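Here is how the chains run, residue by residue.
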Amino acid sequence: MSSPAIATVIKMMESLSEDVQERVAEHLREYLEDLQDELKWNKSFNKTQQQLIASAQSAKREIAEGLAKPMNYEKL
């Protein structure tokens, strides 16, 4: 079952030549892959947000207590 938006896109694509349809389809595939990646990233970020907040608070506390040391990027 397709939505009215999908039906509109299909109708628009049907008016194009076959080679242009292929190019549009490829752009849509790439866009949808990017969108799915972004949705996965957002879901992953939301799962770990509390851990990130706790880590940031811990780092801030260590800095305030003078326990933090500057990072030596040469040793990485």
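**Observations concerning the overall build of the protein chain**
Stage number 1. In terms of regular secondary structure, the protein chain is built from two helices and zero strands.
Stage number 2. Against the globule reference of 11 Å for 76 residues, the protein chain gives a C-alpha radius of gyration of 24 Å, more extended than a compact globule.
Stage number 3. The principal-axis extents of the C-alpha atoms in the protein chain amount to approximately 70 × 30 × 15 Å.
Stage number 4. Here the protein chain holds 76 residues, and 3% of them are scored as buried.
Stage number 5. Of the roughly 7,400 Å² of accessible surface on the protein chain, 58% is carried by carbon and sulfur atoms.
Stage number 6. Each charge class in the protein chain was averaged separately, 10 positive and 13 negative side chains, and the resulting centres sit 12 Å apart.

**Side note on a nonpolar patch on the surface**
Stage number 1. Residues V9, L28, Y31, L32, L35 and L39 make up a contiguous nonpolar surface patch of roughly 540 Å² in combined accessible area.
Stage number 2. Broken down by element, the nonpolar patch gets its largest block of residues, five residues, from helix α2 (residues 18-64).
Stage number 3. The topology assignment puts Y31 in helix α2.

**Comments concerning the environment of E62**
Stage number 1. Position of E62 relative to the elements: it lies in helix α2.
Stage number 2. Residue classification places E62 among the partly exposed positions, given a relative accessible area of 37%.
Stage number 3. Among all residues touching E62, those that are not within four sequence positions of it are L67 and A68.

**Structural notes on a negative patch on the surface**
Stage number 1. A surface patch of negative charge is lined by E30, E33, D34, D37 and E38.
Stage number 2. Among the secondary structure elements, E33 is positioned in helix α2.
Stage number 3. E33 gets classed as partly exposed once you look at its relative accessible area, which sits at 49%.

**Overview of α2**
Stage number 1. Taking 1.5 Å of rise per residue, the 47 residues of α2 would be expected to cover 69 Å, and the 65 Å separating its terminal C-alpha atoms lies within 8% of that figure.
Stage number 2. Bending of α2 peaks at approximately 50 degrees at the position of T48.
Stage number 3. At the exit of α2 stands G66, carrying a positive phi of roughly 75 degrees.

Conventions adopted
The residue count restarts for each chain, going from 1 along the sequence in the order it is written. A pLDDT threshold of at least 70 governs which residues receive local features in this predicted model, and a stricter bar of 80 or more applies before side-chain atom pairs are shown or counted, although totals over entire chains, interfaces and linings include all residues. Side-chain metrics rest on all non-hydrogen atoms present in the structure, leaving aside hydrogens and water. Under the scheme used here, helices are H or I runs from DSSP no shorter than 4 residues and strands are E runs no shorter than 2 residues, and both carry numbers assigned from the N terminus. Only C-alpha atoms enter the radius of gyration; for comparison, a globular chain is expected to reach 2.2 Å times N to the power 0.38, where N is the number of residues. Here the term buried applies to any residue with accessible area under 20% of the maximum for its type, exposed to any over 50%, and partly exposed to those in between, with areas from a 1.4 Å probe on protein chains only. All accessibility values rest on the Shrake-Rupley procedure with a 1.4 Å probe; residue burial counts only the protein chains present in the view. Residues scored as positive are Lys and Arg, those scored as negative are Asp and Glu, and His as well as the terminal groups of each chain are ignored. In plain terms, the charge of a residue is placed at NZ if it is Lys, CZ if Arg, CG if Asp and CD if Glu. The residues that make up patches have over 30% relative accessible area and no salt bridge, and they are joined within 9 Å when like-charged or within 5 Å when they are Val, Leu, Ile, Met, Phe, Trp or Tyr. Any Lys or Arg side-chain nitrogen found within 4 Å of a carboxyl oxygen on Asp or Glu counts as a salt bridge. Every residue pair with non-hydrogen atoms within 4.5 Å of one another is taken to be in contact. To estimate the expected span of a helix, count its residues, drop one, and scale the result by 1.5 Å. Fitting axes to the seven residues that end at a residue and to the seven that start at it, the angle between those axes gives the bend at that residue.

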